[in-house]
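Take a look at the letters that make up each chain.
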Amino acid sequence: MKKIVVGFAMMLISVAAFSQGDAITKFFAKYQDDETFSQVTVSSKMFSLLMDMQVDNIEDQEVINAISKLKGLRILGKDNSRDARTLYKEALGLLPAKDYEELMSVRDEDKDMKFFIRSGATPSKIAELVMVMGGNDKFMVLSLFGEIDLKQIGKIGSKMDINGLDHLHKLDKNDKGGKDTSKDPKEEKKN
């Protein structure tokens, strides 16, 4: 009898853990068949194939190592949209505050971006990173899941040319009054 109770409790815990990420899954499911949206899905198999790449420098190897722990990436976006701000608010409303913690907000020209994280098995592990971006005519929601190293995500974003993730370099602060001393990836590309 004790084994049955423990088994049932474990099943309830696993269902609760699955439903944490379910809000974003429902949002993707709602709009995935709408042809006015662009959709990108990268599976864990694709990330594992990237592990076979030969790299020439240490920085690229660090990115490859970070990618190896990712399980998937989903992006849903819409350009030239009159309802971009409405979609932005809808997506933000689906993120349960008890499961997702706001990491940072960015206002970039006419776009607002918010980054959220969902903790993993331990408080130091991040299981999912969600970025929601809304502008005057553009909308995007991105979900990156697996074992996430935030220090490497900005680099991954610029290597994979994922708009918005390059803003995470701002999290890399030094001890000099908490000011951001890292270089803007857009500036680095110009040089």
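Along each chain, numbering runs from 1 in the same order as the chain's sequence is written. Given that the model is predicted, a residue must reach a pLDDT of at least 70 before its local features are reported, and side-chain atom pairs must reach 80 or more before they are shown or counted; all residues, however, enter totals for whole chains, interfaces and linings. The side-chain quantities take in all heavy atoms of the structure and omit both hydrogens and water.

## Looking at the pairing of strand 3 (residues 101-108)
As a reminder, the rule being used: A pair of strands is treated as paired once DSSP finds two or more bridges between them. Think of it this way: any DSSP run of H or I at least four residues long counts as a helix, any run of E at least two long counts as a strand, and we number them from the N terminus.
Two strands pair when backbone bridges link them, and strand 3 and strand 4 (residues 111-119) are joined in this way by seven bridges, in the antiparallel orientation. Looking at strand 4, one finds that Met104 is bridged to Phe115.

## Description of helix 5 (residues 84-94)
Operational definition: Three exposure classes are used, based on accessible area relative to the maximum for each residue type with a 1.4 Å probe and protein chains only: buried under 20%, partly exposed in between, and exposed over 50%. Note that the arc is defined by the directions from the helix axis to the C-beta atoms.
Among all positions in helix 5, only Ala84, Leu87, Tyr88 and Ala91 are buried. One side of helix 5 carries all its buried residues, which in axial view fall inside an arc of 105°. Away from its buried face, by an angle of more than 90 degrees, helix 5 presents the exposed residues Thr86, Lys89 and Gly93.

## Structural notes on the confidence of the model for the protein chain
As a reminder of what qualifies: pLDDT expresses how confident the predictor is about each individual residue, on a scale running from 0 to 100. Should any heavy atoms of two residues lie within 4.5 Å, those residues are counted as being in contact.
A residue-level look at the protein chain finds 67% of positions with pLDDT of 70 or above and a mean pLDDT of 74. A low-confidence stretch, residues 173-191 stays under pLDDT 50, and its non-local contacts, those more than four residues away or across chains, total 18 contacts.

## Some remarks on the packing of aromatic side chains
Describing an aromatic ring pair means giving the distance of the ring centres and the angle of the ring planes. Let me state the cut-off plainly: The pairing test for Phe, Tyr and Trp rings, Trp by its six-membered ring, is centres within 6.5 Å, and the orientation test on the planes gives stacked under 30 degrees, edge-to-face over 60, and tilted for anything in between. Counting as a charge over the ring demands two things of the Lys NZ or Arg CZ atom: a distance within 6 Å of the ring centre and an angle within 35 degrees of the ring normal.
If you walk through the whole model with that rule in mind, you get three aromatic pairs. Each ring, one from Tyr31 and one from Phe37, has its centre 4.8 Å from the other, and the planes form 35°; the classification is tilted. A single burial state applies to Tyr31 and to Phe37, both of which are buried. By the ring-pair criterion, three or more aromatic residues cluster together here, those being Phe27, Tyr31, Phe37 and Phe139. Seen from the ring of Phe28, Arg74 lies directly overhead, with NZ or CZ sitting 4.6 Å from the centre.

## What about the sheet that holds strand 6 (residues 139-148)?
Keep this limit in mind: Axes here mean lines fitted to C-alpha atoms, for a helix over just the part in contact, with angles spanning 0 to 180 degrees between N-to-C directions.
Ordered in space as 1-2-6-5-4-3, the six strands form an open sheet in which the pairing is antiparallel. Sheet topology places strand 1 (38-43) and strand 3 at the edges, where each strand pairs with a single neighbour. Each strand axis lies, on average, 10° off the axis of its neighbour in the sheet, ignoring direction. Both strand 4 and strand 5 (residues 126-134) contribute to a ladder of eight bridges, which runs antiparallel. Directly across from Lys114, in strand 5, lies its bridge partner Val132.

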